[in-house]
Each structure stands twice: as structure tokens, then as C-alpha cells.
Amino acid sequence: MNDPAGLSGLERLHRGGTVALALSGGVDSSVAASILLDRGLRVLAFHLLLTGDRSSLPQAEETAKRLGLELHVADLAADFERLVIAPFVRAYAQGRTPSPCVACNPSIKFGLLWDRAAVLGADYLCTGHYAGLGPAPGGKGLALHRPLDRGKDQTYFLCRLSAAQINRSLFPLAGMSKDLVRRIGDDLELPRRPESQEICFLKDGDYRDFVRKSLGGKDGGPGDFVDPDGRIMGRHQGIWAYTVGQRRGLGVPGPEPYYVLKLDPVRNQVVIGVREQSLTRHCSVRDIVWSVPPGETGFSSLVQIRSRHRASPAVVRLSNVNSAEVTFEQPQSAVTAGQAAAFYQGDILIGGGWIE
């Protein structure tokens, strides 16, 4: 279980160190735990309860028992509701498309969980994310790097971690492929469970039903689909049911497919148009956390604007220390308010904020 790519951060540790581990019970965090134990480290395993659903706990307990770990249960459901779920619902009501995992990681996993672990003597926090650690540009501290398995790269979801949070983190899976992790899990006879879904609190994967029930009728109700000139094109069921860039499910016939261009909560309208109208070269980004301060007010960067978006070259100009205007070299589709924008220098993540 070596780290051939040298991206895990484990080379900093010596036998006798104490590492807090977020143990979901899935194969990724379980194999990460096994790697730490092989290094002779003291491991404090934590299972997070983030909603009222405790169905994940038995498997985490079984995994911890299999690995010889005492399991600490951290009930953070009230904090998760306040910091992640409530803003998620509120964003949709406001015509924005949230990224709850980007919000959760710095506040819950690398924030409140770390606070509990530090009290118990933890030196580092470990997760099963596919992300790498390496020297920051300029040689001061560490920065997040893209991992070996680019198909599982999760650095985008970690884009708002601070430099302090990154410097106390460990990512044992950084230099490993998902296939290798699965094989190790099988060799260790670790419990198997389905792959975790992207939004953990949506059990059936349907955010629309979740948001509708959460809003309890306070959602503005149905309204008009309009074109960019304001011409009425049809009726929508509520702006919370749509995201910028969406094509399917609009139910508006036309000579070519329509896309959602904009959500207007003030007028309760969904603006739609053809694909060419969905393209833009510009966006504003606010509340940026720079894990690697850029050092200049204007610079070139690769900017990733959603989890499955390929980071694209852009010029970034700072409006102030944590806000920026981004101009892409090529027009991008579905630049969506509420989503995160992650800034990279090559394979190195330097920061992330919210698209305005």
C-alpha cells in the first residue's frame, strides 16, 4: 500500500502519530484506515451522523471492528441542517443551484469534525477523498493536487478548504486507482456497500421533491417560461425545479431544443433559449477561499465551474481579496449562480468560491 505518486501526505508522519479518520463504512475510507494502521499510526475513527438516518452506522461499526478500531460517533445533524441543508433549500428558492458538498467539506468534515478530533489529541485529519497533497507554488506549505485517478478526482469538492485545513489533512488514496482500492478492500474482507451518492441527504436522488417538501408551499408556485425578450413560451412548475443549462423536462416545443438561461425569482420566471444563448465567457465569483494566495490582482488560471466540467483557461481579475471577475478564453455553457468555481494552476488547486 505504498503511495507511488507521493501525493498522500503520509511521508510527513512517523510512528506514534495520531490521525482522526472520517469512517463512513464504505471502501474508500475503510482502505484509508487500513493504510494508516499499516503505518503504525494511532487512528481515531469517527462516523458522522448528518441526518436523522442512522442506517450507515451498523456498517461503520462492522468495519471498525474488522480493523480493530474504536468508533467515535459524531452526531452533527443539527449543524448539518443549519450549515448545509437549509442553505441548499434556500438557494433553490432564490433561483440558484447550490453545491452542498463544497459547503460541507470546510464547515463539517474539516471544520466541526476536526474540532472534536483535536480535543482527543489528533494531529491530522484523514478522509477517503481522491485528492493529492504536494508543495504549494512558492514552496510555502502544502496545496491540493489532482490525484492519480483523474476519473475519481474530488479536488473540486475541496476547493474551499483553507491553507490551515489542507496542511493538517491526509489523503491516503491520492496515488491509487479506484480499482486498486476495491481490490484491497476485497483482500481485507471489508464490508461492501453501494457507492455513496453525490448528495448524501437525498436518498432517492431527486432534489426537486426534497426542495418542494422543505419549502412547504412557500416557493412562489408556477410561473412563466419566457424567452430573452420576455415573450411567454409556456408555464413552469416553480423556479426551484430548474437549473441553468437544463435542457430536459422543460416541455416547451420549438424548432431546436431550449435550455434554461436564467432563473428570475423576482418575476417568478424561467428564461429559456437555444444553446448558443446559453454560452458566456464571463462570470463573477465571491467568497473565495485562497488556499494559495495568487499574489497578483490579475493572473491566468484554469477554472472549473462544476464537478463534471473540464477546467478551462481564463483570466482572473481580483475585485478585492475574496472576489474576482473571470473571463474564459472560450465561451462556456451553463455558468450557474450558486455553483462553485475552483481555480487551478496546472494540477494544483489554489482556491474556490461561489459563482454570482
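Right above here is the structure, for reference.
So, how was this worked out
Residues numbered from 1 in each chain as written. Predicted model: local features only at pLDDT ≥ 70, side-chain atom pairs only at ≥ 80, totals over all residues. Heavy atoms only, no water. Helix = DSSP H or I, 4+ residues; strand = E, 2+ residues; numbered from the N terminus. Rg over C-alpha atoms; globule rule 2.2 N^0.38 Å. Buried < 20%, exposed > 50% of the residue type's maximum accessible area, 1.4 Å probe, protein only. Contact = heavy atoms within 4.5 Å. Pairing = 2+ DSSP bridges. Axes fitted to C-alpha atoms, helices over the stretch in contact; angles between N-to-C directions. 1 Å grid on protein atoms, 1.4 Å probe; cavity = no way out; pocket = protein on both sides within 12 Å on 5 of 7 lines; lining within 4 Å. Points joined across faces, edges and corners; volume = space filled by probe spheres on them. Nonpolar A, V, L, I, M, F, W, Y, C, P; charged D, E, K, R; others polar. Phe/Tyr/Trp six-rings, centres within 6.5 Å; stacked < 30°, edge-to-face > 60°. Lys NZ or Arg CZ within 6 Å of the ring centre and 35° of its normal.

Undergrad: So what's going on with the overall build of the chain? Which residues, and what values?
TA: A tally of helices and strands in the chain yields seven helices and 17 strands. Taken against the 2.2 N^0.38 rule, which gives 21 Å for 356 residues, the C-alpha radius of gyration of the chain at 22 Å falls within 12% of a compact globule. Principal-axis analysis of the C-alpha atoms places the extent of the chain at approximately 70 × 45 × 35 Å. For the chain, buried positions account for 53% of its 356 residues. Put simply, 68% of the contacts in the chain that link residues at least 6 apart link residues at least 24 apart.

Undergrad: Run through the sheet that holds strand β9 (residues 232-236), naming residues and quoting values.
TA: Read from one edge of the open sheet, four strands run β9-β8-β11-β10, paired in mixed fashion. Two strands bound the open sheet, and with one partner strand each, they are β9 and β10 (259-264). Each strand axis lies, on average, 30° off the axis of its neighbour in the sheet, ignoring direction. As defined by bridge partners, strand β8 (residues 223-226) adjoins β9 across four bridges and the pair is classed as antiparallel. Pairing of Phe-225 across the sheet is with Gly-234, part of β9.

Undergrad: Help me get a handle on unusual backbone geometry, residues and values and all.
TA: At Glu-189, a position not held by glycine, the phi torsion is positive, near 55°. Looking at the secondary structure, you find Glu-189 in the loop between α6 (178-187) and α7 (207-215). In the Ramachandran plot, Asp-287 falls in the positive-phi region, its phi being about 50° despite a non-glycine side chain. Tracing the backbone through its elements, the reader meets Asp-287 in strand β12 (residues 279-290). Its relative accessible area of 34% is what places Asp-287 among the partly exposed residues.

Undergrad: Lay out empty space enclosed by the protein with the relevant residues and their values.
TA: Tallying each qualifying case throughout the model produces one cavity of 30 Å³ or more. Around the largest cavity, the lining residues are Val-27, Arg-182, Gly-185, Asp-186, Leu-190, Pro-191 and Arg-192. Looking at the lining of the largest cavity element by element, the count peaks at three residues for α6. Among the residues making up the lining of the largest cavity, the classes are represented as three nonpolar, one polar and three charged.

Undergrad: An account of the packing of aromatic side chains is requested, with residue identities and associated values reported.
TA: For the coordinates displayed, the defined rule picks out eleven aromatic pairs. Their ring planes at 65° and their centres at 6.2 Å tell us that Phe-88 and Phe-210 sit as a pair that is edge-to-face. Residue Phe-88 is found in helix α3 (residues 77-93), and its partner Phe-210 is found in helix α7; the two are separated by 122 residues along the sequence. Its relative accessible area of 1% is what places Phe-88 among the buried residues. For Phe-210, a relative accessible area of 23% corresponds to the partly exposed category. Judged by centre distance (5.3 Å) and plane angle (50°), the rings of Phe-201 and Phe-210 are tilted. Just above the ring of Tyr-344 sits the side chain of Arg-146; from NZ or CZ to the centre is 3.8 Å.

Everything listed here is a matter of coordinates, which is why it stays silent on function.
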